[in-house]
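Chain by chain, the residues run as shown.
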Amino acid sequence: IDEPAVAALTQYYRSNIPAGSNILDICSSWVSHYPLEFKDTMKRISATGMNPLELIANDQLTDYEARNLNTNPTLPYDDNTFDAVTCVVSIDYLIHPIEVLKEVRRVLKPGGKVIISQSNRCFQSKAIAMWLNMNDRQHLELINGYGKYAGFGPGKAFDITASVPGDPYNNPMFIVELSE
């Protein structure tokens, strides 16, 4: 995703995750796109991701666990641990998204929320086949469906695509928020 999309996502997090939260970033890598101040204002920022070297490089994390959620969709955390769980443009790579979201629901505190960001940019060799033949609206409906089957209530979808003067096209950026 391009820099305006990253900036829009970072601002969304700033406005929607309260200070003092315990956050889990699933499918994480070398960057989580959280605001810089989160390292100091959040109680805990944990992550799971496939590449331990990328997770080591993510300086916003307080802890991490390298884990391939496609081969082991369980999360290595206690029940009711996190106030917010994020997943940045990666749900399209999960082959067991409902099982992963059931685990997310397990580790989410009552009243917590899941913030799944999505664009139409992806690594086509990694995305599940049906994803590649869907449009943006269908992606959002699919994510909401995953959430419903995982036990969440109806999701809320937001278009947070950045608008840059003089640039007629930026990467689209969408959010699906899930909660009980």
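Description of the structure in this document. (Residues numbered from 1 in each chain as written. Predicted model: local features only at pLDDT ≥ 70, side-chain atom pairs only at ≥ 80, totals over all residues. Heavy atoms only, no water.)

### Observations concerning the pairing of strand E3 (residues 63-66)
Item 1. Here four bridges tie strand E2 (residues 44-49) to E3, and the two strands are oriented parallel to one another. The partner of Gly49 across the bridge, within E3, is Ala66.
Item 2. Tracing the backbone out of E2, into helix H3 (residues 52-57) and back to the parallel element E3 gives a crossover that is right-handed. (Pairing = 2+ DSSP bridges. Helix = DSSP H or I, 4+ residues; strand = E, 2+ residues; numbered from the N terminus. Right-handed = clockwise from strand over helix to strand, strands pointing away.)

### Thoughts on a nonpolar patch on the surface
Item 1. A cluster of nonpolar residues, Leu53, Ile56 and Tyr64, forms a patch on the protein surface that exposes about 340 Å² of accessible area.
Item 2. Mapped onto the elements, Tyr64 comes out in strand E3.
Item 3. Looking at Tyr64, the relative accessible area reads 37%, which means it is partly exposed. (Patch = residues over 30% accessible without salt bridge, like charges linked within 9 Å, V, L, I, M, F, W, Y side chains within 5 Å. Areas by Shrake-Rupley, 256 points an atom, 1.4 Å probe, with all protein chains shown as cover. Salt bridge = Lys/Arg side-chain N within 4 Å of Asp/Glu carboxyl O. Buried < 20%, exposed > 50% of the residue type's maximum accessible area, 1.4 Å probe, protein only.)

### Some words on the packing of aromatic side chains
Item 1. Within the structure shown, the criterion is met by four aromatic pairs.
Item 2. For the pair Tyr77 and Phe82, a centre-to-centre distance of 5.1 Å together with 85° between the ring planes defines the contact as edge-to-face. Like Tyr77, the residue Phe82 is buried in the burial classification. (Phe/Tyr/Trp six-rings, centres within 6.5 Å; stacked < 30°, edge-to-face > 60°.)

### Looking at the packing of helix H4 (residues 97-107) against helix H6 (residues 136-149)
Item 1. Where H4 meets H6, the axes come as close as 8 Å, and the angle between the chain directions of the two elements is 60°. Here H4 is positioned oblique relative to H6, judged by the angle of their axes. For the crossing formed where H4 meets H6, the hand is right-handed. In contact with Pro97, Ile98, Leu101 and Lys102 of H4, H6 contributes Tyr146, Gly147 and Tyr149.
Item 2. Among the residues forming the contact of H4 with H6, the class breakdown is five nonpolar, one polar and one charged. (Axes fitted to C-alpha atoms, helices over the stretch in contact; angles between N-to-C directions. Parallel < 35°, antiparallel > 145°, perpendicular 65-115°, else oblique. Left-handed = near helix turned anticlockwise from the far one by under 90°. Contact = heavy atoms within 4.5 Å. Nonpolar A, V, L, I, M, F, W, Y, C, P; charged D, E, K, R; others polar.)

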